[in-house]
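# Structural features, examined
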Amino acid sequence: MKLALFDLDHTLLPIDSADTWSHFLVRQAGLDADEYGARIRDFAATYKAGRFDIEGYLAFQMDLLARFPRPQLERWRDDFVREHVAPHVRAEAVQLIARHRADGFVLALVTGTHAFLTRAIADLFGIEHLLAVMPEEAEGRFTGRYVGTHTYQEGKVRAVHGFLATHGITLETCEDSIFYSDSINDLPLLEAVAHPVVTNGDARLRAVAAQRGWPTLDLFALAHGA
């Protein structure tokens, strides 16, 4: 197997779909925008600063899902993807994915954003496999918990190992493996693959790339300059 792995936010998309979704859901549901907005911004700040409380963040995200019936959430999600994600799908990202597909790679989106949202986004990109936080469901509703591993830092490595184990292989026995990411938080998986590519990298990850001679890709350079 040749495996191409992609982070999502600020890697394939020039936006943070998780935060944008959270603000959207708060607005659609009529929740307190000041209270919830402050919490969303605080999680974003601690993520960038390397002080992220992943379990606290996931408890917040899972609780948001658990508040509403799934059919309502699905309608909101479909509106969100159409209005707030699809307009940000850039040709550069689509072409990158297409090149790996044409070269015979198995494609997987590996993201810390939960699967209820990102399955629809992976479909938008035509990526079959999704490794993401899986919200727990019971009797057609979300429970406020998640199942399996989270997909943050080392959690992404665990998720990839678990995915490959279902195919009877490991990263070490893959014919090739490549991972595209923008964030220093994805350093564990970048170190685990054969070919890490720092994509739209943050300052700390660019410094690591310079030290280690890793390739860098500014996927949205043209879009940013427009």
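Our subject in this report is the structure included herewith. (Residues numbered from 1 in each chain as written. Predicted model: local features only at pLDDT ≥ 70, side-chain atom pairs only at ≥ 80, totals over all residues. Heavy atoms only, no water.)

As a further point, take the pattern of salt bridges. Any two side chains of opposite charge can pair, so long as their charged atoms come close to each other. Tallied over the entire structure, the rule returns 12 salt bridges. Note that E83 is salt-bridged to R82, the shortest N-O span being 3.7 Å. Within the structure, one salt-bridge network assembled from shared partners comprises D7, K156 and D186. (Salt bridge = Lys/Arg side-chain N within 4 Å of Asp/Glu carboxyl O.)

It is worth spelling out the environment of A4 at this point. Mapped onto the elements, A4 comes out in strand β1 (residues 2-6). Overall, A4 belongs to the buried group, its relative accessible area being 0%. Along the chain, A4 and T143 lie 139 residues apart, while their C-alpha atoms are 32 Å from each other. Filtering out sequence-adjacent residues up to four positions away, A4 remains in contact with H100, F105, V106, L107, A108 and I178. (Helix = DSSP H or I, 4+ residues; strand = E, 2+ residues; numbered from the N terminus. Buried < 20%, exposed > 50% of the residue type's maximum accessible area, 1.4 Å probe, protein only. Contact = heavy atoms within 4.5 Å.)

To continue, consider the sheet that holds β1. The strand order across the open sheet formed by 6 strands is β3-β2-β1-β6-β7-β8, and the pairing between neighbours is parallel. Sheet topology places β3 (129-131) and β8 (216-217) at the edges, where each strand pairs with a single neighbour. Inspection of the sheet shows β1 paired to strand β6 (residues 176-181) by 5 bridges, in the parallel sense. The residue bridging K2 from the neighbouring strand is D176, located in β6. (Pairing = 2+ DSSP bridges.)

This paragraph deals with the environment of L13. Tracing the backbone shows L13 in the loop between β1 and α1 (17-29). Of the residues examined, L13 reaches a relative accessible area of 0% and is grouped as buried. Between the C-alpha atoms of L13 and N200, which are 187 residues apart in sequence, the distance is 10 Å. In this view, L13 contacts L8, V85, H88, V89, I121, F125 and F220; residues no more than four positions away in its chain are not counted.

Three or four residues apart is the spacing at which side chains of an α-helix point the same way, because the helix has 3.6 residues per turn. Look at helix α7 (residues 154-165): 17 Å from first C-alpha to last across 12 residues, which is about the 16 Å you get at 1.5 Å a residue. Turning to α7, its buried residues number three or more, namely G155, K156, V157, A159, V160, F163 and L164. Those residues of α7 that are buried lie in contact with β1, β2 (106-110), β3, β6 and α8 (187-192). (Expected span 1.5 Å × (residues − 1).)

Our next topic: helix α6 (residues 115-125). The buried fraction of α6 amounts to 8 of the 11 residues, a majority that puts the element mostly inside the structure. Of the positions making up α6, those classed as buried are A115, F116, L117, T118, A120, I121, A122 and F125. Within two residues after α6, G126 carries a phi angle of roughly 75 degrees, on the positive side.

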